[in-house]
Amino acid sequence: MSPILTSIVTAAGGVLAGLALAAALLWRQQQALARARYAAGHDDTTGLPNRRALLAALTRATRADAPFGLVLLDLDGFKAVNDTFGHEAGNDVLTEVGRRLAALRGPVRLAARLSGDEFALLVDGGPDDVAAAARAAWRAVSRHSVDLGAHTLTLRASVGHTSAALGVSPRALLHQADTAMYQAKQSGAGVHGATATNSRTGPPPGSRPRDLRRRYRG
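Since the model is a prediction, treat every value here as computed from it, not as a measurement.

Definitions and limits used
Residues numbered from 1 in each chain as written. Predicted model: local features only at pLDDT ≥ 70, side-chain atom pairs only at ≥ 80, totals over all residues. Heavy atoms only, no water. Pairing = 2+ DSSP bridges. Helix = DSSP H or I, 4+ residues; strand = E, 2+ residues; numbered from the N terminus. Axes fitted to C-alpha atoms, helices over the stretch in contact; angles between N-to-C directions. Contact = heavy atoms within 4.5 Å. Expected span 1.5 Å × (residues − 1). Buried < 20%, exposed > 50% of the residue type's maximum accessible area, 1.4 Å probe, protein only. Arc of directions from axis to C-beta. Polar contact = N/O pair within 3.5 Å; in protein donor to acceptor, adjacent residues only side chain to side chain. Parallel < 35°, antiparallel > 145°, perpendicular 65-115°, else oblique. Left-handed = near helix turned anticlockwise from the far one by under 90°. Nonpolar A, V, L, I, M, F, W, Y, C, P; charged D, E, K, R; others polar.

A. Quick peek at the sheet that holds strand 1 (residues 68–75). Reading across from one edge, 2-3-1-6-7 is the order of the five strands in this open sheet, with mixed pairing throughout. This sheet does not close on itself; its edge strands, each paired only once, are strand 2 (108–115) and strand 7 (191–193). Along the sheet, successive strands turn relative to each other by an average axial angle of 20°, direction set aside. One ladder, built from six bridges, connects strand 2 with strand 3 (residues 118–124); its direction is antiparallel. Looking at strand 3, one finds that Ala111 is bridged to Leu121. Where helix 5 (residues 127–142) meets the sheet, its contacts fall on strand 1, strand 2, strand 3, strand 6 (157–163) and strand 7, and the angle it forms with strand 6 comes to roughly 165°.

Shown next, in the form of structure tokens:
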């Protein structure tokens, strides 16, 4: 091989090696970006979409011309699980509840964990569909016990649901479902539905039941 041809081959090899290195770096960057985006929208414990992802989905749903509703679920007595069996067992319970809710079929579009022991379902369809999804979620949580190894735990939940009215905001919809969930917990009914309103701004100051509801958790 002539010196000139050798130089050309060597240069081409260097270019190819450089392109391969650049492609590998780009692939790693894309993978890191994908992991970061996934982590930003998902809960570490259960793997479900998180509050941010739910709010984004609610915003998209309010802009679409199709009926939908929201279901909120709160585990009864969950604080006692952590206090008695430890936080690792508590995480196991949350993971199992998340798995059961994620397995619910349509019209459930999305199951999410909001925080602590609170979960949410975004449901397609009218009030009857939303109410049916709420009852299905309640049954999914309470129908079977959770195996914690040396112990078996029976779960109970309080479930609130509401259907989206025209012009409702995600904040107002969350408030309506939260109010219904609080009433379900207070009455011991298990499942309670709220009347939908078309408020765009959400609840007036001081009207949210969340702080009061916390007194009855556990």
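Now that the structure is up, let's keep going.
B. Looking closely at helix 2 (residues 51–63). The first and last C-alpha atoms of helix 2 sit 19 Å apart over 13 residues, in line with the 18 Å expected at 1.5 Å per residue. When we look at burial in helix 2, the residues that qualify are Ala53, Leu54, Ala57, Leu58 and Ala61. All buried residues of helix 2 project into a common sector of 135° when viewed along the axis, lining one side. Facing away from the buried side of helix 2 by over 90 degrees, the exposed positions are Arg52, Arg60 and Arg63. Of the residues that open helix 2, the one with a side-chain oxygen 3.2 Å from the backbone nitrogen of Arg52 is Asn50.

C. Region of interest: the packing of helix 2 against helix 6 (residues 170–187). Close contact between helix 2 and helix 6 brings their axes to 9 Å; oriented N to C, the two are set at 110°. Comparing the axis directions of helix 2 and helix 6 gives the class roughly perpendicular. As for the relative orientation of helix 2 and helix 6, their crossing is right-handed in sense. Contacts between helix 2 and helix 6 involve Arg51, Leu54, Leu55, Leu58, Thr59 and Thr62 from the first element and Pro170, Leu173 and Leu174 from the second. Its residues placed into classes, the contact of helix 2 with helix 6 shows six nonpolar, two polar and one charged.

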